[in-house]
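Reading the structure
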Amino acid sequence: MIVMPSNSTGWFWHALSRETGRLGHLYSPGAQRGPWPWFPFALDNGAFSAWTEKTNFFDEEKWAIIERRWHQLIVWTQVKPQKPLWAIVPDVPGNAERTLERWEQYVGQLGDIPPALAVQDGMTPATVRALRVQPAVIAVGGTKKWKWETVSTWAREFPRVHLLRCCSPERLYELEELGVESCDGTGWARGDRKQTRGLENFVRIHAKPVDFPLWPHNCRQPRKSERGPLGEQQESFA
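For the structure given in this document, a descriptive report is provided here. (Residues numbered from 1 in each chain as written. Predicted model: local features only at pLDDT ≥ 70, side-chain atom pairs only at ≥ 80, totals over all residues. Heavy atoms only, no water.)

Empty space within the largest pocket amounts to approximately 490 Å³. The wall of the largest pocket is formed by 28 residues, among which Asp44, Phe48, Ser49, Arg165 and Thr186 lie closest to the centre. Breaking the lining of the largest pocket down by element, the ones donating at least two residues are α2 (60–78) and β10 (182–185). Residue classes in the lining of the largest pocket are distributed as 11 nonpolar, 11 polar and 6 charged. (1 Å grid on protein atoms, 1.4 Å probe; cavity = no way out; pocket = protein on both sides within 12 Å on 5 of 7 lines; lining within 4 Å. Points joined across faces, edges and corners; volume = space filled by probe spheres on them. Helix = DSSP H or I, 4+ residues; strand = E, 2+ residues; numbered from the N terminus. Nonpolar A, V, L, I, M, F, W, Y, C, P; charged D, E, K, R; others polar.)

Right under this line is the structure:
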């Protein structure tokens, strides 16, 4: 299983990824960088930041702003030699009906990027199989309780499954055992050493090192003056 500590590209993560081959990235709209060959990456859609789980409220005005950045993210991938593993089609977290409506609306806008469906509370494998366009990947989302109660079912029914929002070291072993392909989380790099150490232990135990040359890739974060119109790092070999 690949763990994606979302948007984390400091030296620690570069080193750990090259040593273990078990890390990747889930880039949010506006946070794309690189890419680097030792970091397989996928694309988020940013919809989660417009959702309040406690009240199950989705802010459409906020989404309208995020949507423009999402389109820029898709364009960004088109000019890069390294392509994303998949992209999560825009969804409405916590709302199965509206997520299915948005699947039909947006899935055709990904071009040749494999589409991932963010399944929500109430969806079943039968719901997914009834779709006109089938997802390449199931991204298990929805509320926290539902997500963990159903991930084993999704992993059993579909060959490629990603679990959204996981920052528990103990859970990583469970997901690996289930055959989940990948998971992501924003909490791995927020200063909790127990979490970070737990993730490091997991990827080292399951290490499959990759051998990529450092040149001509640049691990340093781009300065604002070095960023292109879509927020990406400009290539520099000076």
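Further remarks concern the packing of aromatic side chains. Summed over the entire model, instances satisfying the criterion amount to 12 aromatic pairs. A ring pair is formed by Phe12 and Trp13, whose centres lie 4.9 Å apart and whose planes are at 80°; its orientation type is edge-to-face. Classification of Trp13 as buried rests on a relative accessible area of 7%. Summarising the aromatic geometry, the rings of Trp36 and Phe39 are spaced 6.2 Å apart at their centres and angled 70° between planes, so their arrangement reads as edge-to-face. For the pair Trp36 and Phe39, a shared accessibility class is recorded, and that class is buried. Taken together through their ring pairs, the aromatic side chains of Trp11, Phe12 and Trp13 make up a single cluster. Just above the ring of Phe158 sits the side chain of Arg129; from NZ or CZ to the centre is 4.8 Å. (Phe/Tyr/Trp six-rings, centres within 6.5 Å; stacked < 30°, edge-to-face > 60°. Buried < 20%, exposed > 50% of the residue type's maximum accessible area, 1.4 Å probe, protein only. Lys NZ or Arg CZ within 6 Å of the ring centre and 35° of its normal.)

Checked against the element boundaries, His25 lands in strand β2 (residues 25–27). Given the relative accessible area of 0%, His25 is considered buried. Along the primary structure His25 and Asp184 are separated by 159 residues, whereas in three dimensions their C-alpha atoms are 7.7 Å apart. Each residue touching His25, except ones within four places of it in the same chain, is listed here: Met4, Pro5, Asn7, Ser8, Thr9, Trp36, Phe39, Pro40, Phe41 and Ala42. (Contact = heavy atoms within 4.5 Å.)

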